[in-house]
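Okay, here's what each chain looks like letter by letter:
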Amino acid sequence: QVQLVESGGGLVQAGGSLRLSCAASGRTFSNYAMGWFRQAPGKDREFVAAISRTGGSTYYADSVKGRFTISRDNAKNTVYLQMNSLKPEDTAVYYCAATRSTNYRATQAYDYWGQGTQVTVSS
């Protein structure tokens, strides 16, 4: 089992920044690729970003590319999502997730999920 706890969400004005953190415990963190997903009201959960086990490769949804940065610190068992130039359409509950798959963009590939953190961007 891997337990994931997100933090760092909140209310921010358009154009602002937030950094989300996801702390992992349980099995060896470095054995898992990590992803961030988000879900807005009435919409499906969607892929935002992912990072490989070592952090050497990162992947982004087109909608956040150039604005969001995913990173990880395996010594701290933590993955981060730096979000800059936020837009109202970024408003959602953000989830981190862990996978041993390389199908990073697929929700169903992830084995463990956090409880989510709310991000609200006002216009």
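Residues numbered from 1 in each chain as written. Predicted model: local features only at pLDDT ≥ 70, side-chain atom pairs only at ≥ 80, totals over all residues. Heavy atoms only, no water.

K.L.:
Please clarify how the sheet that holds strand E3 (residues 18–26) should be interpreted in this entry.
P.N.:
Strand pairs in the sheet, formed through backbone hydrogen bonds, run parallel or antiparallel to each other. One open sheet holds the four strands; their spatial order is E1-E3-E8-E7, and the pairing between them is antiparallel. One side of each edge strand has no neighbouring strand; the edge strands of this open sheet are strand E1 (2–7) and strand E7 (68–73). For this sheet, the mean inter-axis angle between neighbouring strands, taken without regard to orientation, is 15°. Note that E3 and strand E8 (residues 78–83) share six bridges and pair antiparallel. Across the sheet, residue Ala-23 finds its bridge partner in E8, namely Thr-78. (Pairing = 2+ DSSP bridges. Helix = DSSP H or I, 4+ residues; strand = E, 2+ residues; numbered from the N terminus. Axes fitted to C-alpha atoms, helices over the stretch in contact; angles between N-to-C directions.)

K.L.:
Looking at this model, I keep getting lost on the nonpolar core. Mind explaining?
P.N.:
By size, the foremost hydrophobic cluster in this structure holds 40 residues, and its most contacted members are Leu-4, Met-34, Trp-36, Leu-81, Met-83 and Tyr-94. Elements with a contribution of two residues or more to this core: E1, E3, strand E4 (33–39), strand E5 (46–51), E7, E8, strand E9 (92–99) and strand E11 (117–122). Once you skip the residues sitting within four places of it in the chain, Met-83 turns out to touch Gly-16, Ser-17, Leu-18, Leu-20, Arg-67, Phe-68, Tyr-94 and Val-119. (Core = buried A, V, L, I, M, F, W, Y, C linked by side-chain atoms within 4.5 Å. Buried < 20%, exposed > 50% of the residue type's maximum accessible area, 1.4 Å probe, protein only. Contact = heavy atoms within 4.5 Å.)

K.L.:
For this particular structure, what's the right way to read the state of the cysteines?
P.N.:
The term disulfide refers to a covalent linkage connecting the sulfur atoms of a pair of cysteines. One pass over the structure, following the stated rule, counts one disulfide. Each sulfur of the disulfide joining Cys-22 and Cys-96 lies 1.9 Å from the other. Disulfide Cys-22 to Cys-96: torsion about the S-S bond roughly 45°, handedness right-handed. Of the two residues, Cys-22 sits in strand E3 while Cys-96 sits in strand E9, which places them 74 residues apart along the sequence. (Disulfide = S-S within 2.5 Å.)

K.L.:
Would you mind going over the pairing of E11 with me for this structure?
P.N.:
If a strand is regular, its side chains alternate between the two faces of the sheet. Where burial is concerned, the two faces of E11 differ: the one with Thr-117, Val-119 and Val-121 is buried and the one with Gln-118, Thr-120 and Ser-122 is not. Examined bridge by bridge, strand E2 (residues 10–13) and E11 share four bridges and lie parallel to one another. Across the sheet, residue Gln-13 finds its bridge partner in E11, namely Ser-122.

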